[in-house]
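# Secondary and tertiary structure notes
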Amino acid sequence: MFTTIIITKSAFFDGEAARITALLRQGTADFLHIRKPGSAAEEVERLLREIPADCRRRLVLHDHFALAVRYGLYGVHLNSRNPLPPEGWTGSVSRSCHSLDEVREWKDRCRYVSLSPVFDSVSKPGYVSAFSREEIAQAVLDGIIDAKVYALGGVTFAALAAVETMGFGGAMILGDAWRCRSNGRFGII
C-alpha cells in the first residue's frame with residue numbers, strides 16, 4: 001500500500017490544528033509529521049492539545065519525543081537533531097536519509113525512511129534533486145529502494161502516481177501541502 005505523509009511548515013500558523021485535522025480526516029494524508037525545528041516543547045504541546053485525540057495516532061514528531069509518549073502518537077522521526085528514539089519507545093521510528101548509503105544503513109532499523117531530495121524542492125529554493133531517474137531505477141533493482149523508502153523533496157500531489165511508479169513505498173509532501181490555492185484552501189482540498 002502506497003503511503004502519503006504530509007510534513008508541517010516549520011513555522012506555526014493560525015488554524016494549523018484545524019488544518020492538520022482536516023488533512024487527516026479527509027484522507028489527504030495517511031500520516032502527518034510535525035516538524036518545527038527550534039520550537040519549544042510547550043509550543044508543540046499546545047498544537048498537539050488542539051488536535052483531536054483520534055487524529056493523534058497518525059502523528060509523528062521530529063522533536064520533543066517525550067510528547068510522543070505523553071500523547072500516544074504514532075511515531076518519532078530521527079534526524080541530525082534527534083538521532084535516537086526515546087528510551088523504551090515502542091512506536092514507529094522513521095528517519096531522514098540523504099543518500100542511498102544512508103537508506104541502506106537505516107531502512108532495516110526503521111519502519112520507513114525518507115530519501116531526499118528526489119525532485120527539486122517546492123519550499124526550499126536552490127534545493128535540487130540529488131538523484132537521476134536512472135539512479136533511482138538502479139536502486140530499485142538493487143533492492144535499496146522498496147516499500148520502506150518514501151520519496152521526499154519536491155514531491156507534489158500531482159506527482160504521487162509517478163513516485164509510486166518509480167518504486168517508492170510512499171511519498172512525503174511539504175511545500176505543496178501548504179500552498180494556498182486561489183480558493184483560499186491549502187493543498188488539494
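Coordinates for the structure precede this section.
Quick summary incoming for the structure in this document.

Calculation notes
Residues numbered from 1 in each chain as written. Predicted model: local features only at pLDDT ≥ 70, side-chain atom pairs only at ≥ 80, totals over all residues. Heavy atoms only, no water. Buried < 20%, exposed > 50% of the residue type's maximum accessible area, 1.4 Å probe, protein only. Helix = DSSP H or I, 4+ residues; strand = E, 2+ residues; numbered from the N terminus. Arc of directions from axis to C-beta. Contact = heavy atoms within 4.5 Å. 1 Å grid on protein atoms, 1.4 Å probe; cavity = no way out; pocket = protein on both sides within 12 Å on 5 of 7 lines; lining within 4 Å. Points joined across faces, edges and corners; volume = space filled by probe spheres on them. Nonpolar A, V, L, I, M, F, W, Y, C, P; charged D, E, K, R; others polar. Phe/Tyr/Trp six-rings, centres within 6.5 Å; stacked < 30°, edge-to-face > 60°. Lys NZ or Arg CZ within 6 Å of the ring centre and 35° of its normal. Salt bridge = Lys/Arg side-chain N within 4 Å of Asp/Glu carboxyl O.

Right, let's talk about helix α2 (residues 41-50) for a bit. Among the residues making up α2, those that are buried are V44, E45, L47 and L48. Seen end-on, α2 carries its buried residues on one side only, within an arc spanning 160 degrees. Those residues of α2 that are exposed and aimed more than 90 degrees away from the buried face are E42, R49 and E50. Turning to α2, the residues buried within the fold contact α1 (16-25), β2 (31-34), α3 (53-56), β3 (59-61) and α4 (66-70).

The next subject is the layout of surface pockets. Approximately 430 Å³ is the volume attributed to the largest pocket. Around the largest pocket, the lining is made up of 27 residues, and of these R35, S96, H98, K124 and L152 lie nearest the centre. Elements with a minimum of two residues in the lining of the largest pocket: β4 (75-78), β5 (92-97), β8 (170-173) and α8 (175-178). A breakdown of the residues in the lining of the largest pocket according to their chemical character gives nine nonpolar, 12 polar and six charged.

The subject of this paragraph is the packing of aromatic side chains. According to the stated counting rule, one finds two aromatic pairs in the structure shown. Ring centres of Y112 and Y150 lie 4.7 Å apart, and the angle between their planes is 10 degrees; this geometry places the pair in the stacked category. On the criterion of sequence distance, the pair formed by Y112 in strand β6 (residues 112-115) and Y150 in strand β7 (residues 149-152) is long-range, its members being 38 residues apart. A relative accessible area of 8% means that Y150 is categorised as buried. It is K9 that lies over the ring of F13; its NZ or CZ is 5.3 Å from the centre.

Per the counting criterion, the structure on display carries eight salt bridges. E45 is the partner of R70 in a salt bridge, and the nearest nitrogen-oxygen pair spans 3.0 Å. Within this pair, whereas R70 is found in helix α4, its partner E45 is found in helix α2, the two being separated by 25 residues in sequence. For R70, a relative accessible area of 54% puts it in the exposed group.

These figures capture arrangement, not role.
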